[in-house]
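What follows is the residue order along each chain.
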Amino acid sequence: MTASGPAAPSVRILRRTGDPFEAEEMESGAPAEEPSHVAILNHLFYDSSVDLGALVRVGRTTYVCTRAGWRLVPDGRGA
């Protein structure tokens, strides 16, 4: 019998691309810091599933893709 690790968080792409000006406004926001979330988000970007301005929810947290990296979306701003 093998021990199972923690369950992977749910991932939902809310918007594949977005307004570059809106994304630029979010660049000064708090960066994504949870290593497992960053790995998921970067994978989505590098395999071209999302692009600048994308909104992605990992677990209960929503992120936006900016030129400065993935940023947390403030409450009320995410879809």
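Residues numbered from 1 in each chain as written. Predicted model: local features only at pLDDT ≥ 70, side-chain atom pairs only at ≥ 80, totals over all residues. Heavy atoms only, no water.

Trainee: What's the story with the packing of aromatic side chains in this structure? I'm lost.
Mentor: Given two aromatic rings, their pairing is described by the distance between the two centres and the angle made by the two planes. Scanning all chains against the criterion turns up one aromatic pair. Between phenylalanine 45 and tyrosine 46 the ring centres are 5.4 Å apart and the planes differ by 75 degrees, which places this aromatic pair in the edge-to-face class. Its relative accessible area of 32% is what places phenylalanine 45 among the partly exposed residues. (Phe/Tyr/Trp six-rings, centres within 6.5 Å; stacked < 30°, edge-to-face > 60°. Buried < 20%, exposed > 50% of the residue type's maximum accessible area, 1.4 Å probe, protein only.)

Trainee: Looking at this structure, how should I read the sheet that holds strand β3 (residues 61–66)?
Mentor: In a beta sheet, neighbouring strands are held together by backbone hydrogen bonds and run either parallel or antiparallel to one another. With antiparallel pairing, the four strands of this open sheet are ordered in space as β1-β2-β3-β4. For this open sheet the edge positions go to β1 (11–15) and β4 (69–72), each flanked by a neighbour on one side alone. With direction set aside, neighbouring strand axes in the sheet form an average angle of 30 degrees. With four bridges joining them, strand β2 (residues 55–58) and β3 adopt antiparallel strand pairing. Directly across from valine 58, in β3, lies its bridge partner threonine 61. (Pairing = 2+ DSSP bridges. Helix = DSSP H or I, 4+ residues; strand = E, 2+ residues; numbered from the N terminus. Axes fitted to C-alpha atoms, helices over the stretch in contact; angles between N-to-C directions.)

Trainee: How should I be thinking about unusual backbone geometry in this particular structure?
Mentor: Of all residues except glycine, most have a negative phi; of all peptide bonds, most are trans. Positioned with a positive phi, serine 48 is a non-glycine residue whose angle comes to about 65 degrees. Take serine 48: it is sitting in the loop between α2 (35–46) and β2.

Trainee: In this structure, what is going on with the environment of valine 38? I would like to understand it.
Mentor: Mapped onto the elements, valine 38 comes out in helix α2. Here valine 38 falls in the partly exposed class, since its relative accessible area comes to 24%. For the pair valine 38 and tyrosine 63, spaced 25 residues apart in sequence, the C-alpha separation works out to 9.8 Å. Setting aside its immediate chain neighbours within four residues, valine 38 contacts Ala32 and Glu33. (Contact = heavy atoms within 4.5 Å.)

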